[in-house]
Amino acid sequence: MKKLFTIFSIALIVFSCKRENMDFEGPNLQDLNGTFGFLKPFTADKNLVDFSKNETVNFTAEFTKICEWEIIIRGKTSGASKILSGKSRNLSVPSTVWNGTTTLFPTFKAEGCLATLKITGVLDTFNLNIGVTGVRKPTGFVVANFEMGMNSKWTSFIQSGASMDFKIKSDKFSVEGNNYMNMSGIVNWDWLIGLVNFPGTAYSASTNYNLTSVSDDLYFNCLIYGAGNNVNTSRVLFQFKEDDNGNGAFDQSSDDQYDKEIIVDWAGWKLVSFKYTSLQHLVNGVPATNNGNSKHNSNKINTISMLHLANPANGLASTKVDCIMFTEKSPLEL
Amino acid sequence: MKLRLTFTALIIFANSLSGQISPKIKIIGGARSIIQNQDIQVFDSVADNKTAKAKAGGYSLIDLGFNIMPNKNTEILGMIRIKNQYGGFYGGGVTFDVRQMWLKGILADAVRYQLGDINLKQTPFTFYNHNEDNSVLQNPINHIQQEIVNYESFYKSNTWRQQGMSIDFGLNFAKHIEEVNFNGYLTRLNMTNFGDVPERLFGGGTIDLIANKNLSAQYNLSSVFDVTGTSLDSNSFRNVVQTVGFRHAHSWKNLDLTLKLETGTSHTYLTRDTLSPDLNDYFLNPSLSFDLPKSNFSVTVAYLNVGPDFRSPGAQSKRVDYQSALTQFGLYKNNQVDRPIHLTDIFSDDKIYRTSINTKIMAYHPLINNVLPYGLATFNRNGFYSNLNWKNVAKSININWAHYMLSEIRGQGTKALKKYTMSQVQLGVDVNKFIKLERKLKLSTSLVYQQTDRISDIDFEKVNLNSIQLATGLEWEVATNFDFMLGYTMLKGDGNDQISLRNNYSQVTDFQNYSSKETQTILAAGLKYNFSNKTYLGLLYQQFEYVNDNFTYDNYKMNQISIIYNLLF
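Residues numbered from 1 in each chain as written. Chains lettered and ligands numbered in written order. Predicted model: local features only at pLDDT ≥ 70, side-chain atom pairs only at ≥ 80, totals over all residues. Heavy atoms only, no water.

Chemist: Could you give an account of the overall build of chain A, with specific residues and numbers?
Modeler: Along its length, chain A carries 2 helices and 21 strands. In terms of overall dimensions, chain A is more spread out than a globule: its C-alpha atoms have a radius of gyration of 27 Å, far above the 20 Å expected for 334 residues. Its C-alpha atoms put chain A at 95 × 60 × 45 Å along the principal axes. Within chain A, buried positions represent 46% of all 334 residues. Pairs at least 24 residues apart make up 70% of the contacts formed inside chain A by residues separated by at least 6 positions. Of the roughly 16,300 Å² that chain A leaves accessible, carbon and sulfur atoms contribute 51%. Across chain A, the mean location of the 30 positive side-chain charges is 6 Å away from that of the 31 negative side-chain charges. (Helix = DSSP H or I, 4+ residues; strand = E, 2+ residues; numbered from the N terminus. Rg over C-alpha atoms; globule rule 2.2 N^0.38 Å. Buried < 20%, exposed > 50% of the residue type's maximum accessible area, 1.4 Å probe, protein only. Contact = heavy atoms within 4.5 Å. Areas by Shrake-Rupley, 256 points an atom, 1.4 Å probe, with all protein chains shown as cover. Lys, Arg positive; Asp, Glu negative; His and termini not counted. Charge placed at Lys NZ, Arg CZ, Asp CG, Glu CD.)

Next up, the structure:
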């Protein structure tokens, strides 16, 4: 009997352990499956916005249940789109703040925009008109936006292939500002279609780019257009040539070179961003040992080369680039 | 011809390895050869011209273990595996692996220790390899396949194969207490990558106080912890489970009564992550058994209460990883989707089985086990269960019946609680004893019925999911050592449930609607020649059919024929 008493005493002690008092776990099923309705209507905190003055538009709404929602903002003139999405019971900061950036390029212009709220499982859509009076100004170190044509210190090489179109253009494909660089042609004996060198001397009196010495903070960004139906998929190869030994020039045998090869297999404009320290030295597309100090020295970048490559066994290769920029701490937002 | 030569050579070689090289070195291990031919017919909406519809192949392997006793207190085992895929001669397809290595011995004639690979288990709530995905008995053909899975995954008596060290020793007393036994272990769950993955260890132990043969008490500890400083992430995972257990036996006339209790707590947290929850909870599992040994009859009734925040990775890790890719026809249909894990894979695909402890909550199959997907350690369960065993005097009939009536403790997305019912019946009959046949003729059948219910006035809160698993088989020794086998297994599910989706902290973030109206069936037959109780040659055939009434384009049929030679020495 004594033993049994001991056993049940211990059981009682355990029973007295406190269990967290919670009615239920997870989101309320009522919130997930109830009838949809608005508790607060879909509104924007302003009808006119000037993104050049760092203004933003905040969208708000409150629903009767948790909804999967999407706000699509379309530029009526440019055709640009910004998409905000989420799953929540209400629309609130920070997931519903539009700071003038773009999801589907080209970038927004000073124009009228239509913001459409779509709720999964709800047939109706809800619209708001927003007027953009000033566009967002990208911040960072601009390597090339082609707005002023070719810089006299840039150098280029273009193969003498067929249908070569390697020039700055301003037409319906313009994505940011008015101009972009078009690179296309048929070169059936070499991978290289053409290249442009951007030396550090084009931007300052120094031979190197005037960039942060904290290489891990540095991002490289570029808008690249993919033709989509390109039989001969274009590759854009960026080469970052450092001057590790400080002799004022890149020396292949004693300096580092970091490379990024981008296979352009998409349709339309796309913003490509990557951290400088994520780059490797490539030889024929394969990672290889560098010849300098093997450290990413962003403040020692001497020259950037942009090469347009394509398999010579195939046909026409075509791409476009714009807005080649460095940013610090985070990728470029356009 | 090449296949036949290899197969014959393997049999001769393996049969010749039957014993000792010297008194201190023994050779142990096993050998297996499988030749398989499989085909699949998918009833897709469009003709599938992208995935293969048939497969032929197989392998032979030998596990060669050297059991060395350098002195009377030390024993060492090293086992290598040589595996050759058929068609992979001249080096291609041949692999050499170390299958197991351990060293064990006795220190000062008092403390036993083992280093290397160790099979470990404690109690069902601390460290235990539950087998909840095999709640229905396998038919004889599937049983052969499952034995291979168990051998490959080192599943033996509900132990988990771990790598590390263990010690155990005991003390005997003259008064009050007969003996106290101690055992402890420390194993490595994963090694650091010197980046974001820390060194994760699993340690624990048991103190067993035996007052006399009728009264004993036990303390158990199991703990998973990251070693601080072994990764760049200073955040460390911690889980501590502590339990106490008691056993009191009492005999009264022909009746043996046994009262058992295990109860304990768990604490799970991350040391520096302020967003992570600090989970504390407890469980309670008392049981009372009535045993009539002379009548071969026993009944157990038990109460189970496992808190919703009770976390015990050592006891809640599942054998089957439902996220893993399948070996046979892993992609199917014209759009090359992943074929879901079905009964046939659970019985035969050893690649979907895990051998390690998982600190995250693993996925489960609602039709296979929705009531106790993590065994008795399944969290958020409260209720009673009972178990009944009976054998006739001649021990030619064996019946086992288990019944569970449980409910949630904490609702999922609603205050309404799900109620769970599960009934398991197993029946084995040695027919030869009734009709006085000398050779074996055995019938076995097993049935598992599960029901999950949540009653509510609101439609979207209602849950009703039913499943039935049935397995039946026949084993008949038609000639000396020559068995004929038949088997039928069926899983039928109907209804709906809402499965909780959890984040990395194991918090419920959403619910996935699960709806089922499906039937899975296995029809199997086989012939087996037993060279000894450890060696056989078998010819097995099975047909698996999956019929989903909700999504008929997912339906398929799979045929498989295998020749298996298996030897343990």
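Chemist: Explain the pairing of strand β25 (residues 535-548) of chain B to me, using residue names and the numbers behind them.
Modeler: Residue and element names in this part refer to chain B. Summarising the sheet, strand β24 (residues 508-532) and β25 pair through 14 bridges and their orientation is antiparallel. When the sheet's bridge partners are listed, Ala525 is paired in β25 with Tyr541. Connecting β24 to the antiparallel partner β25 that follows it, the hairpin turn spans 2 residues. (Pairing = 2+ DSSP bridges.)

Chemist: Describe the interface of chain B and chain A, and please don't skip the residues or the numbers.
Modeler: As a measure of interface size, the accessible area lost when the parts come together is often cited. Chain B puts 36 residues into the contact, and the matching count from chain A is 23 residues. Across the interface of chain B and chain A, roughly 2,600 Å² is buried in total on both sides, 64% from carbon and sulfur atoms. Its largest share of buried area at the contact with chain A, chain B owes to B:Tyr282, B:Arg410 and B:Phe460, together 26% of the area lost on that side. Our enumeration of links across chain B and chain A arrives at 3 salt bridges. Applying the counting rule to chain B against chain A returns 5 residue pairs in polar contact (both at pLDDT 80 or more). Contributions of two or more residues to the side of chain B that touches chain A are made by β11 (237-252), β12 (255-270), β13 (279-292), β14 (297-306), β19 (411-412), β23 (482-502) and β24 of chain B. (Buried area = accessible area lost by both parts, 1.4 Å probe. Salt bridge = Lys/Arg side-chain N within 4 Å of Asp/Glu carboxyl O. Polar contact = N/O pair within 3.5 Å; in protein donor to acceptor, adjacent residues only side chain to side chain.)

Chemist: So what's going on with a nonpolar patch on the surface? Which residues, and what values?
Modeler: Residue and element names in this part refer to chain B. A surface patch of nonpolar side chains, amounting to about 450 Å² of accessible area, comprises Phe434, Ile435, Leu437, Trp476 and Val478. Relative to the assigned elements, Ile435 resides in the loop between α5 (431-434) and β21 (441-454). The exposed category is assigned to Ile435, whose relative accessible area is 51%. (Patch = residues over 30% accessible without salt bridge, like charges linked within 9 Å, V, L, I, M, F, W, Y side chains within 5 Å.)

Chemist: Please provide a residue-by-residue account of the packing of aromatic side chains, values included.
Modeler: All names here are of chain A. All chains considered together, the criterion is met by 45 aromatic pairs over all chains. Here the aromatic rings of Phe42 and Phe59 are separated by 5.8 Å at their centres, their planes lie at 20°, and the arrangement is stacked. Note that Phe42 is positioned in strand β2 (residues 38-44) and Phe59 in strand β4 (residues 57-75), a separation of 17 residues in sequence. Here the two residues Phe42 and Phe59 agree in accessibility, since each one is buried. A ring pair is formed by Trp98 and Phe108, whose centres lie 4.9 Å apart and whose planes are at 65°; its orientation type is edge-to-face. One end of the pair, Trp98, is in strand β6 (residues 97-98); the other, Phe108, is in the loop between β6 and β7 (112-119), with 10 residues separating them in the sequence. Through successive ring pairs, a cluster of aromatic residues spans Phe141, Tyr203, Tyr209, Phe220, Phe238, Phe240, Tyr258, Phe274, Tyr276 and Phe326. (Phe/Tyr/Trp six-rings, centres within 6.5 Å; stacked < 30°, edge-to-face > 60°.)

Chemist: Please set out the pattern of salt bridges residue by residue, giving values where relevant.
Modeler: Residues and elements named next belong to chain B. Following the criterion strictly, the structure yields 33 salt bridges over all chains and no others. The salt bridge partner of Asp63 is Arg99, with a shortest N-O separation of 3.4 Å. Placement of Asp63 in strand β3 (residues 54-71) and of Arg99 in strand β5 (residues 94-107) is noted, with a sequence separation of 36 residues between them. Judged on exposure class, the residue Asp63 and its partner Arg99 are both buried. Ionic contacts of the salt-bridge type, sharing partners, join the residues Arg32, Asp63, Arg81, Arg99 and Glu152 into one network.

Chemist: Tell me about the sheet that holds strand β13 (residues 192-199) of chain A, residues and numbers included.
Modeler: Residues and elements named next belong to chain A. Read from one edge of the open sheet, 5 strands run β10-β13-β20-β15-β16, paired in antiparallel fashion. Of all strands in the sheet, those bounded by a partner on one side alone are β10 (155-158) and β16 (257-264). Direction aside, neighbouring strands of the sheet carry axes that sit 10° apart on average. Sheet analysis places β13 next to strand β20 (residues 301-309), joined by 7 bridges and oriented antiparallel. Across the sheet, the residue bridging to Gly194 is His308, located in β20. (Axes fitted to C-alpha atoms, helices over the stretch in contact; angles between N-to-C directions.)

Chemist: An account of the environment of B:Gly538 is needed here, citing residue identities and associated values.
Modeler: Residues and elements named next belong to chain B. Note on placement: Gly538 falls in strand β25. Of the residues examined, Gly538 reaches a relative accessible area of 4% and is grouped as buried. Sequence separation of Gly538 and Ala377 is 161 residues, and the distance between their C-alpha atoms is 37 Å. Not counting the four nearest positions on each side in its chain, Gly538 is found in contact with Leu527, Lys528, Ser562, Ile563 and Ile564.

Chemist: I'd like to hear about the domain arrangement of chain A, residue by residue, with values.
Modeler: All names here are of chain A. For chain A, the assigned domains are domain 1 (29-134) and domain 2 (141-328). Of the roughly 400 Å² buried between domain 1 and domain 2 on both sides combined, carbon and sulfur atoms contribute 62%. Where domain 1 touches domain 2, the interface holds 0 salt bridges. Linking domain 1 with domain 2 are 1 residue pair in polar contact (both at pLDDT 80 or more). (Domains from an automatic or database assignment.)

Chemist: Could you give me a rundown of the state of the cysteines, with the residues and numbers involved?
Modeler: Residue and element names in this part refer to chain A. Scanning the model with the defined rule gives 0 disulfides over all chains in all. Cys323 provides the cysteine sulfur closest to Cys113, a residue in no disulfide bond, and the two sulfurs are 19 Å apart. The thiol of Cys323 is unpaired, and the distance to the nearest cysteine sulfur, on Cys222, comes to 8.1 Å. For Cys323, a relative accessible area of 1% gives the class buried. (Disulfide = S-S within 2.5 Å.)

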